Amino acid sequence: MGGDAEVRETQESFVEADELFRSFFDNAPIGKCMTTPDGCLARVNPAFCAMLGYTADELQAISFTEITHPDDLAESRECVRSLLAGERDVWCMDKRYLAKDGRVVWANVTTRIQRDAGGRPQYFLTHVVDISVRKQAEAALRASEMRFREVLRNLDEAYYRCTLDGTLEDHNPAFNRILGFDPESDLRGSLLPDFWLHPEKRIAYIDDLSEKGFVKNYLIEARTIRSAKIVVMANSHVVRDDAGRPAWIEGTFTDFTDLKRMEDRERHLNRVLRAIRNVNQLVVREKDAGRLLDQACSMLVETRGYGCAWIALEGKAGEPSGWAHAGWGEAFAPLARSLEAGEWPPCRQEALGSRTGIAVLTPERACAACPIWKHYGHDLALVTMLRHGDSDIGMLGVSFPVDTPVDDEEKGLLAEVGGDIAFALHGMRMEGEHERLTMALEQAAEAIVITDSSGTIQYVNPAFEAITGWSRQEVLGENPRILKSGKQDGAFYAELWATISGGTTWRGRMVNRRKDGSLYTEEASISPVRGRSGAITSFVAVKRDISREIVMEAQISSSQRMESIGRLAGGVAHDFNNLLSVILSCTTFA
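Note that the structure is predicted; figures quoted are calculated from it, not measured.

Rules used in this analysis
- Residues numbered from 1 in each chain as written.
- Predicted model: local features only at pLDDT ≥ 70, side-chain atom pairs only at ≥ 80, totals over all residues.
- Heavy atoms only, no water.
- Helix = DSSP H or I, 4+ residues; strand = E, 2+ residues; numbered from the N terminus.
- Buried < 20%, exposed > 50% of the residue type's maximum accessible area, 1.4 Å probe, protein only.
- Contact = heavy atoms within 4.5 Å.
- Expected span 1.5 Å × (residues − 1).
- Polar contact = N/O pair within 3.5 Å; in protein donor to acceptor, adjacent residues only side chain to side chain.
- Core = buried A, V, L, I, M, F, W, Y, C linked by side-chain atoms within 4.5 Å.
- Pairing = 2+ DSSP bridges.
- Axes fitted to C-alpha atoms, helices over the stretch in contact; angles between N-to-C directions.
- Phe/Tyr/Trp six-rings, centres within 6.5 Å; stacked < 30°, edge-to-face > 60°.
- Lys NZ or Arg CZ within 6 Å of the ring centre and 35° of its normal.
- Salt bridge = Lys/Arg side-chain N within 4 Å of Asp/Glu carboxyl O.

In this structure, what is going on with the overall build of the protein chain? I would like to understand it.
The helix and strand inventory of the protein chain stands at 19 helices and 20 strands. Classification of the 590 residues of the protein chain by burial places 42% in the buried group. Residue pairs at least 24 apart in sequence account for 47% of intrachain contacts in the protein chain once pairs closer than 6 positions are excluded.

Now the structure itself:
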């Protein structure tokens, strides 16, 4: 007897452990899948299905190789080989999956192999975390860094970064050329002070840099690799870490033998060296529009050498809707009052009339009608539209000395900064609209269901949970057929599916079944949502439980009934149309 009890207890323990595993597997917020040694997907959880847009049945009918990006197949197969061979216990990697709709989904994948008591492989257990957003941000930063590197490579001025003791960590070809080295030579590891001629001036330079944190326009006598004497003008600053401690020194210098060339290019050096990277990093990390504008203006003045900078945003009706400035002080007040009154400065028309959206202006001639033109003095004004696609989001204006050469590169750089700011502002606006739509859906009294093009549920709102008794976690990845009551025949659903698949909204009434088995009647409107290509990407259903209204209909007289039903149907249709128009105006939600 005791032995039987122990067997039952062991069996119960196995059952409990299996149930815990199933719950952990199926309800996990990240993708999970179990793969057989021959590569078949034996089991997948709803999160993995939602990530790739497949149903569980679809995934379990294919091999992992069919949803793996071709460029990642070799490493995925090596993962399988290594784990089967026992060379590793776990394999981690970033890889790309191919979603059902053709999207490439980046994921961080961790795979372990499960073996039986005899050591034979049973299956691979894989955890999949969607890192697409992170990869997009990394790609944007890499592209920004590549642009920065390309600019540095083509600069006439030398750029360098060194440790606090002067060990060279990075430099550009101009650094080599000025000091007489082959442009492609790697000088990292060299000591920068070794190129100085006068140690006492080097000490004074380091003391000045340590005290102020920066040195500007410092004349240094140096020697080339062939011991030729040269004079360079250096600009350096100490870069600090997040804790405020000095981390490294970054700087530039130019051959000062040709003084005129130095004077013409000094502002250009400061502009190229710092602004592109700073503003690009700012638009990636800053999520508040007000702080973005304030810091962008400050960076343009501080790191690009502009005398003043200002940005004004454009509202939906084309009116000024917000602005920021740096370098103006109280002199900006007249323009602020003009913008507040809904009036743009005249330079906006100049920029709009330009083919490139950029205008170079001599203020005393072209800006006489501007409220702040006298503050420009003898400076030039350069304005560019903040443009995203075909939409103007606002405008950016800067000032600099009139003798500064304004070439296509200068204008192109400012246009690039303006484009980056416009891109960030557009993203913030879209994110705000998305949040408002999400809030509206979450608080709606009607049940809202969004599925993919195959009918797999991707979203339900709290009203759906309240009406049906099913929780959001339970229905995500499922098909709406879980609500079928059997009161409608197959022809009914075939006609419904044919209507919405054909691109037309279906409206009607049906009886569905709650999770607890009780029936309810709902008035529903189901509409297709099309992507940019015109193909249907998802369906949106707005549903209202009218069970109570039907009971009320049965309680009123026949003459009143028809009038009441008419009013009810009209009210439901009107409300559905209003709610659907809000949802369908933002097709990116699903």
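Picking up after the structure, the text goes on.
What is the right way to read the environment of Trp 310 from this model?
Tracing the sequence through the fold places Trp 310 in strand E11 (residues 308-314). For the pair Trp 310 and Ala 326, spaced 16 residues apart in sequence, the C-alpha to C-alpha distance is 6.4 Å.

Any chance you could explain helix H9 (residues 289-302) here in plain terms?
At 3.6 residues per turn, the α-helix brings residues three or four places apart onto the same side. In a regular helix each residue adds 1.5 Å, so 14 residues correspond to 20 Å; H9 covers 20 Å between its end C-alpha atoms and thus fits that length. Among all positions of H9, only Leu 292, Leu 293, Ala 296, Cys 297, Met 299, Leu 300 and Val 301 are buried. Looking at where H9 begins, the residue whose side-chain oxygen comes 3.1 Å from the main-chain nitrogen of Gly 290 is Asp 288.

Just to check I follow, could you spell out the nonpolar core for this structure?
Within soluble globular proteins, side chains that are nonpolar generally end up buried alongside one another. Membership of the largest hydrophobic core comes to 31 residues, with the highest contact counts inside it found for Ile 311, Leu 386, Val 398, Ile 421 and Leu 425. Put simply, the parts of the chain that give this core at least two residues each are helix H8 (259-285), H9, E11, strand E12 (320-326), strand E14 (379-388), strand E15 (391-401) and helix H14 (408-443). Ignoring any residue separated from it by four or fewer positions in sequence, one finds Ile 421 in contact with Val 279, Val 283, Leu 292, Leu 293, Ala 296, Ile 311 and Leu 386. Ranked by size, the runner-up nonpolar core spans 25 residues in total, among them Phe 64, Val 105, Ile 113 and Phe 124.

Is there a simple way to think about the sheet that holds E11 in this case?
Adjacent strands of a sheet pair through backbone hydrogen bonds, lying either parallel or antiparallel. Here 5 strands make up an open sheet; going across it, the order is E12-E11-E15-E14-E13 and the pairing antiparallel. What marks the edges here is a single partner per strand, and that holds for E12 and strand E13 (358-361). Across the sheet, the mean angle separating the axes of adjacent strands is 15° when strand polarity is ignored. With 6 bridges connecting them, E11 and E12 associate as antiparallel partners. For Ala 312, the partnering residue across the bridge sits in E12 and is Trp 323. Of the strands in this sheet, E11 and E12 are in contact with helix H10 (residues 333-340), which crosses E12 at around 170°.

Even after reading the chapter, I still don't get the environment of Arg 43, so can you show me in this structure?
You can see Arg 43 is positioned in strand E2 (residues 41-44). Sequence separation between Arg 43 and Cys 33 is 10 residues; the distance between their C-alpha atoms is 5.5 Å. Among the polar contacts listed, one links the side chain of Arg 43 to the side chain of Asp 26, at a separation of 3.3 Å.

Explain the pairing of strand E4 (residues 104-115) to me, please; I cannot follow it from the model alone.
Successive residues of a regular strand alternate their side chains across the two faces of the sheet. Of the pairings in the sheet, the one linking strand E3 (residues 90-98) to E4 comprises 9 bridges and is antiparallel in character. Paired with Met 93 across the two strands is Val 109, which belongs to E4. Between E3 and E4, which pair antiparallel and follow one another directly, the connecting turn spans 5 residues, one of which, Gly 102, has a positive phi of 95°. With antiparallel pairing between neighbouring strands as the criterion, E4 and strand E5 (residues 121-130) make up a hairpin whose turn holds 5 residues, including Gly 119 at a positive phi of roughly 85°.

I keep staring at the side chain of Asn 45 and nothing clicks. Help me out?
Structurally, Asn 45 is set in the loop between E2 and helix H2 (46-52). At 3.0 Å, the side chain of Asn 45 and the backbone nitrogen of Phe 48 are in polar contact. Residues contacting Asn 45, with those up to four places away along its chain left out, are Phe 25, Asp 26, Ala 28, Ile 30, Gly 31 and Lys 32.

What exactly am I supposed to notice about the packing of aromatic side chains here?
Note on aromatic pairs: each is described by the distance of the centres and the angle between the planes. Enumeration over the complete set of coordinates arrives at 12 aromatic pairs. An angle of 85° between the planes, with centres 6.4 Å apart, marks the rings of Phe 175 and Phe 195 as edge-to-face. Taken as a pair, Phe 175 in helix H6 (residues 173-178) and Phe 195 in the loop between H6 and helix H7 (199-212) lie far apart in primary sequence, 20 residues in all. According to the relative accessible area criterion, Phe 195 is buried, its value standing at 14%. Ring plane angle 90° and centroid distance 5.3 Å describe the contact between Phe 492 and Tyr 493, whose orientation is recorded as edge-to-face. Here a set of aromatic residues connected by ring pairs shows up, and it is made of Tyr 160, Phe 175, Phe 181, Phe 195 and Phe 253. The residue whose ring lies beneath Arg 88 is Trp 91, and the NZ or CZ to ring-centre distance is 4.0 Å. The ring centre of Trp 344 lies 4.6 Å from the NZ or CZ of Arg 348, which sits over that ring.

Is there a simple way to explain the side chain of Thr 451 in this structure?
Residue position: Thr 451 is located in strand E16 (residues 447-452). On the basis of relative accessible area, Thr 451 is assigned to the buried category, the value being 6%. In contact with Thr 451, other than residues within four places in its own chain, are Thr 456, Ile 457, Gln 458, Pro 480, Ser 538 and Phe 539.

What should I look at first to understand the pattern of salt bridges in this one?
Where charged atoms from two side chains of opposite charge approach closely, those side chains can pair. On inspection of all chains with the given rule, the structure shows 26 salt bridges. A salt bridge links Glu 58 to Lys 100, with the shortest nitrogen-to-oxygen separation between them at 2.7 Å. Taken together, the residues span a long stretch of sequence, with Glu 58 in helix H3 (residues 56-60) and Lys 100 in the loop between E3 and E4 at a distance of 42 residues. Across the salt bridge formed by Arg 161 and Asp 170, the nearest N and O atoms sit 3.7 Å from each other. You can call Arg 161 partly exposed: its relative accessible area is 22%. Linked through salt bridges whose partners overlap, the residues forming this network are Asp 94, Arg 134, Lys 135 and Glu 138.

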